[in-house]
Amino acid sequence: MSFSRRDILKLSGASLATLSLSGCATKEMDVEHPKKDKEFDIVLPKTSAPRVVVVGGGWSGLSLARQLKEEAPQSEVILVEQRFEFVSCPMSNLWLVDKIELEFLTHDYLQGARNGGYRYFQASAYGIDKKAKVLRTTNGDIEYDYLALAPGIEYDYSAWTDDPELIQRLKTEYPAAFMPGSEHITLRNKILNFKGGNFLFTVPKGNYRCLPAPYERACMVADYFKSKGIKAKVILLDENNDITIKEHGFHTAMDELYGEYLEYHPNAQIEEIDLDTKTVVTEFDEFTFDDASFYPRVRGAKLLEKLGFAKDTIYNKKEANIDPLTYEVIGEENIFVSGDARPMGFSKSGNTSNTEAKFVARLIARKINDKPKIPWETPVTLCISLVSIEPERGIFIHSEYAYNKKRGQFEFATPVTDEIWQGKHGQENAQTAYAWAKGMYVDMFGES
Ligand SMILES: Cc1cc2nc3c(=O)[nH]c(=O)nc-3n(C[C@H](O)[C@H](O)[C@H](O)COP(=O)(O)OP(=O)(O)OC[C@H]3O[C@@H](n4cnc5c(N)ncnc54)[C@H](O)[C@@H]3O)c2cc1C
């Protein structure tokens, strides 16, 4: 293997953490007259500074907002995010099994904005007037010169059912916990209070969010049940024909460490879910469960569809309709989409979103600074998955991307996987996961 753990932080966005703050969103600037049209409820009067409105304070939007202020300090950057605080999905599988504190995952939007020199505006974006260049939000309308959308994903249950009642029950009683918030808390309580029996998880088809995370989660939960002596089994129903990433590492960990605590079923295309009898029917089998978490397919966030910027792709429904090399919405100027809502087949991961967002920030900054365009740069996927809790052991993958002209799509260019989770090596991988996460939080929020 030509790739060392030592290189990880160099390759991840975390290495780019240092920021010299040269502007502040609240600094006094020449205030232009707000749009007079009564149709708008303009908040935050526009100044003479070029304004970039970023929608979505996840891994992509946060990274973009911060990088933009570095590349174009004269710009006014407003981050519109519907949540009140940031909770990280990466590392959350460890919180589900009580290994880390919630505090490690939770971060302050206000402080992130102060440190980054931009403004955090809590609201949900729901519409746009493209001619007037106004974004509509639940807390008022905001004028923009450039719009960067990073709204992430939604769940798509349509491959399983079109029954709205069943979808609501799946969402509320058996949430996937692949978007941060109450879903994670529900799942954590289910795991920590589980008395025994079958705990069922699913892996969807398509380019779902964080390819290794469902396997990591299955290992974490099996380890938890085993270490507590609970007579329980994790049943992992995978709609794919094999583990989708780091397959050697996950297969060996499941076989060597968890035996009767974990059952892995590939090709488990779900045909029927009966929540009353707690039964799942797949093409070849039938499973009963005592508790479960159903991870369905994913699609682009609803906002893109509402704004008319979504299209179906070979991977998922309703992802961003953008030029894959410039991230600009097709047919629109100065409106960009990045992060997990993108249509390209990149791994939907935090590190990918972070490095990609920095490139998009540079693209926007060059427009603001009237500089020539720059060619497409690959995002970097770097992901460490834990396979056991005591001791903590992990496996990692690092990859970049290249465009396959023949197939008309992006593919992994330089996958380097280190699937050795055994011994000291695996323990060092696990420690690297913590270093990576800490570096990324500083990269997105600055020092607290
Ligand atoms: C369990 C789990 C483990 C993971 N582990 C890893 C890992 O180890 N490494 C890794 O690199 N990645 C990991 N990931 C993946 C990573 O979390 C995602 O790829 C990343 O969050 C994508 O960033 P994003 O900004 O596109 O979307 P998000 O982070 O989901 O951010 C989107 C934001 O947009 C906001 N938003 C949406 N619509 C609106 C609207 N209309 N108005 C205002 N705000 C809106 C949302 O509230 C949200 O905050 C993991 C994910 C999960 C679920």
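J.: What is the right way to read the overall build of the protein chain from this model?
T.: When helices and strands are tallied, the protein chain shows twelve helices and 26 strands. Since a compact globule built from 448 residues should have a radius of gyration of about 22 Å, the 22 Å found for the protein chain is in line with a globular shape. Dimensions along the principal axes, computed over C-alpha positions, put the protein chain at roughly 65 × 50 × 45 Å. The proportion of buried residues among the 448 residues of the protein chain is 57%. Sequence-distant contacts, at least 24 apart, represent 68% of the contacts inside the protein chain between residues at least 6 apart. Within the structure as shown, the protein chain displays about 18,900 Å² of accessible surface, and the carbon and sulfur contribution to it stands at 49%. Charged side chains in the protein chain number 54 positive and 66 negative. The centres of these two groups are separated by 5 Å.

J.: Help me understand the sheet that holds strand β17 (residues 291-293) in this model?
T.: Strand pairing in a sheet relies on backbone hydrogen bonds. The paired strands run either parallel or antiparallel. Pairing in this open sheet of four strands is parallel, and the strands run β13-β12-β11-β17 from one edge to the other. Edge positions in the sheet fall to β13 (262-265) and β17, since each has one partner strand and no second. When strand polarity is set aside, the average angle formed by the axes of neighbouring strands in this sheet is 15°. In terms of strand pairing, strand β11 (residues 197-203) meets strand β12 (residues 232-238) through seven bridges, oriented parallel. If you follow N198 over to β12, its bridge partner there is K233. On the sheet, helix α7 (residues 182-192) packs against β11 and β17 and is oriented at approximately 150° with respect to β11. Docked against the sheet, helix α8 (residues 213-228) engages β11, β12, β13 and β17, running at close to 170° with respect to β12.

J.: Teacher, can you tell me more about the site of the ligand here?
T.: The immediate surroundings of the ligand are formed by 36 residues, with S60, E81, R209, D340 and G350 found nearest. The separation between an oxygen atom of the ligand and a polar main-chain atom of K348 is 3.1 Å. Look at the ligand: alone it shows 1,000 Å² of surface, and the protein chains cover 95% of it. Put simply, the parts of the chain that give the shell around the ligand at least two residues each are α2 (59-71), β2 (76-81), α3 (92-96), α8, α11 (350-368) and β22 (381-388). At three residues, α11 tops the list of elements feeding residues into the shell around the ligand. Within the shell around the ligand, the residues separate by chemical class into 16 nonpolar, 14 polar and six charged.

J.: Would you explain the pairing of β12 in this entry?
T.: On a regular strand, each side chain points to the face opposite its neighbour's, so the side chains alternate between the two faces of the sheet. With six of seven residues buried, β12 lies mostly within the body of the structure. Viewed along the sheet, the connection from β11 through α8 into β12 turns out right-handed.

J.: When you look at the sheet that holds β2 in this model, what are you seeing that I'm missing?
T.: Across the sheet, five strands lie side by side as β5-β2-β1-β9-β21; this open sheet has parallel pairing. In this open sheet, the two edge strands, each paired with only one partner strand, are β5 (119-122) and β21 (335-337). Between one strand axis and the next, the sheet turns through 20° on average, direction left out of account. Bridge count between β2 and β5: four bridges; the pairing is parallel. Considered in β5, the bridge of I78 is made with R119. Running at roughly 175° to strand β9 (residues 146-149), α11 makes contact with β1 (51-55), β9 and β21 of the sheet.

J.: So what exactly am I meant to see when it comes to the packing of aromatic side chains here?
T.: What describes a pair of aromatic rings is the distance from one ring centre to the other and the angle between the planes of the rings. By the definition in use, this model includes 31 aromatic pairs. Taken together, a centroid distance of 5.6 Å and an interplanar angle of 75° make the contact between F104 and Y441 edge-to-face. Taken together, the positions of F104 in helix α4 (residues 102-105) and Y441 in helix α12 (residues 423-445) put the pair 337 residues apart, joining distant regions of the chain. Seen in terms of ring centroids, Y215 and Y264 are 6.4 Å apart; in terms of plane orientation they differ by 65°. Their pairing is edge-to-face. Of the two residues, Y215 sits in helix α8 while Y264 sits in strand β13, which places them 49 residues apart along the sequence.

J.: Would you mind showing me how to read the nonpolar core here?
T.: In globular proteins that are soluble, nonpolar side chains generally tend to be buried together. One finds M91, L149, F225, F294 and I364 to be the most contacted residues of the largest nonpolar core, which totals 138 residues. When residues of this core are sorted by domain, at least three fall in each of domain 1 (17-152 + 301-376) and domain 2 (157-298). What F225 contacts, discounting residues up to four positions off in sequence, is I191, F194, F199, I230, A232, V234 and Y261.

J.: Can you walk me through helix α5 (residues 109-116) in this structure?
T.: Residue pairs three or four apart in sequence face the same way in an α-helix, which turns once every 3.6 residues. Considered for burial, the residues of α5 that qualify are Y109, G112, A113, N115 and G116. Buried positions in α5, seen along its axis, are confined to an arc of 165° and lie on one side of it. Tucked into the core, α5 has its buried residues touching α2, β2, β3 (86-87), β4 (106-107), β5 and α12. Taking the backbone nitrogen of L110 as reference, a side-chain oxygen 2.8 Å away marks D108 as the first, capping residue of α5.

J.: Could you clarify how one ought to interpret the pattern of salt bridges in this entry?
T.: When the charged atoms of two side chains lie near each other, side chains of opposite charge can form a pair. In the structure shown here, the tally under the stated rule is 22 salt bridges. One salt bridge in this structure joins K46 and D145, with 2.8 Å as the shortest N-O distance. Highlighted residues: K46 in the loop between α1 (8-11) and β1 and D145 in the loop between β8 (140-143) and β9, separated in sequence by 99 residues. By relative accessible area, D145 is classed as partly exposed at 23%. The closest approach of N and O atoms between K367 and E328, which form a salt bridge, is 2.9 Å. Remark: E328 occurs in the loop between β20 (319-320) and β21 and K367 occurs in helix α11; sequence separation between them is 39 residues. Take E328: its relative accessible area is 14%, and that puts it in the buried class. Three or more residues joined by partner-sharing salt bridges are found here, namely E39, R136 and D141.

What counts and how
- Residues numbered from 1 in each chain as written.
- Predicted model: local features only at pLDDT ≥ 70, side-chain atom pairs only at ≥ 80, totals over all residues.
- Heavy atoms only, no water.
- Helix = DSSP H or I, 4+ residues; strand = E, 2+ residues; numbered from the N terminus.
- Rg over C-alpha atoms; globule rule 2.2 N^0.38 Å.
- Buried < 20%, exposed > 50% of the residue type's maximum accessible area, 1.4 Å probe, protein only.
- Contact = heavy atoms within 4.5 Å.
- Areas by Shrake-Rupley, 256 points an atom, 1.4 Å probe, with all protein chains shown as cover.
- Lys, Arg positive; Asp, Glu negative; His and termini not counted.
- Charge placed at Lys NZ, Arg CZ, Asp CG, Glu CD.
- Pairing = 2+ DSSP bridges.
- Axes fitted to C-alpha atoms, helices over the stretch in contact; angles between N-to-C directions.
- Near = heavy atom within 4 Å.
- Polar contact = N/O pair within 3.5 Å; in protein donor to acceptor, adjacent residues only side chain to side chain.
- Nonpolar A, V, L, I, M, F, W, Y, C, P; charged D, E, K, R; others polar.
- Right-handed = clockwise from strand over helix to strand, strands pointing away.
- Phe/Tyr/Trp six-rings, centres within 6.5 Å; stacked < 30°, edge-to-face > 60°.
- Core = buried A, V, L, I, M, F, W, Y, C linked by side-chain atoms within 4.5 Å.
- Domains from an automatic or database assignment.
- Arc of directions from axis to C-beta.
- Salt bridge = Lys/Arg side-chain N within 4 Å of Asp/Glu carboxyl O.

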